[in-house]
Amino acid sequence: MRPVHRKTDATAAWEIVRQSRATALPGVDMAGFRIHGDSPIELRAIPHPAVTVAVEFGDRPFSIHGAAGRMRSASLAAGLAFSAFQVRAEGIECVQIRLSPLTASPVLGLPLAELRGSVVTLDDLWGRDTPRLRERLHHARTWPERFALIDTELLTRLHAGRTVDPEVAWAWRQIVASHGRTRVSDLAARTGWSRQRMWSRFGSQIGLTPKRAAMLVRFDQAIHRLVRGHTPAQVAADCGYADQPHLHHDIRAFTGRTPTAAANEPWLAADDTAWPAHGGAA
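Residues numbered from 1 in each chain as written. Predicted model: local features only at pLDDT ≥ 70, side-chain atom pairs only at ≥ 80, totals over all residues. Heavy atoms only, no water.

*Asks:* What exactly am I supposed to notice about the packing of helix α3 (residues 129-139) against helix α4 (residues 143-156) here?
*Replies:* At a minimum axis separation of 9 Å, α3 and α4 run at an interaxial angle of 155°. Taken together, the axes of α3 and α4 are roughly antiparallel relative to one another. Crossing of α3 over α4 shows right-handed handedness. For the pair formed by α3 and α4, the contact residues are Asp129, Leu133, Arg136 and Leu137 on the first element and Arg146, Leu149, Ile150 and Glu153 on the second. (Axes fitted to C-alpha atoms, helices over the stretch in contact; angles between N-to-C directions. Helix = DSSP H or I, 4+ residues; strand = E, 2+ residues; numbered from the N terminus. Parallel < 35°, antiparallel > 145°, perpendicular 65-115°, else oblique. Left-handed = near helix turned anticlockwise from the far one by under 90°. Contact = heavy atoms within 4.5 Å.)

Structure follows, in structure tokens:
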């Protein structure tokens, strides 16, 4: 498990460590981050088709500024399709966890509909257990030890009864497997549910409508193609957008940026190293 160093701007460097073995829970992926630099850096967090959890253990909380206001915290949980927000960080050390929405609700202990599009501190969800976890991570000597601590914490927090319907889980997997290009109108018919029941159950358990979920998954595929240098015209055609304006609309909706500006975000530049398959826990 060798760390990968990647320059993101003139003042800072990321040290990124991938987890080398599968987690105990399905639908969970982790990466360790250290950010070194002579001064604080500003990052713009970009939505991803997984619930994002970050736990800082170097005693340097990050400042967050977004549509919902400002907060300063050493831990956060961001729901699916959150609005892009600014993170100010200095010398940060953290574990970032991506949770599939099929796993996130039992682990976090709340319906994802309550976390829809928002960013909260992990303390709000786990209470005093969060600073205890941060302390254990701080005293751990290696990244494998830290990943194992997170693994154990997630397993102990599973809430029996907060399960996702098999039909909803199947619909989510279809959306992910097709990179957001499945016909959402067909999902209900193929499960035997009515459209109204599918939209209601999917929304309450995943936190998004099937249409919004497909938009998010397709956007994630498209933005990573742009980061790798593909042209907007290529990406629009290959990812199933009607045309380039359609692609521009979705990227601006999820990032608040033009495709060119979004593709140069440091957050996304590090993404291919932290999660090389681009799927994370999706």
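*Asks:* Explain the packing of helix α5 (residues 166-177) against helix α6 (residues 184-191) to me, please; I cannot follow it from the model alone.
*Replies:* To characterise two packed helices, one gives the angle between the axes of the helices and the distance between these axes. Axis separation between α5 and α6 bottoms out at 10 Å; the angle between their running directions is 145°. Between α5 and α6 lies a crossing whose hand is right-handed. Two secondary-structure elements touch here, α5 through Glu167, Trp170, Ala171, Gln174 and Ile175 and α6 through Leu187, Arg190 and Thr191. Of the residues assigned to the contact of α5 with α6, the class counts are four nonpolar, two polar and two charged. (Nonpolar A, V, L, I, M, F, W, Y, C, P; charged D, E, K, R; others polar.)

*Asks:* How should the sheet that holds strand β6 (residues 62-66) be read in this particular structure?
*Replies:* In sheet architecture, strand pairing relies on hydrogen bonds along the backbone and comes in two forms, parallel and antiparallel. Spatial strand order, β4-β9-β6-β7: four strands in an open sheet with antiparallel pairing. Of all strands in the sheet, those bounded by a partner on one side alone are β4 (41-45) and β7 (69-73). Here the average twist between neighbouring strands, direction ignored, is 20°. Alignment of β6 against β7, held across five bridges, turns out to be antiparallel. Bridge pairing in β7 links Ser63 to Arg72. (Pairing = 2+ DSSP bridges.)

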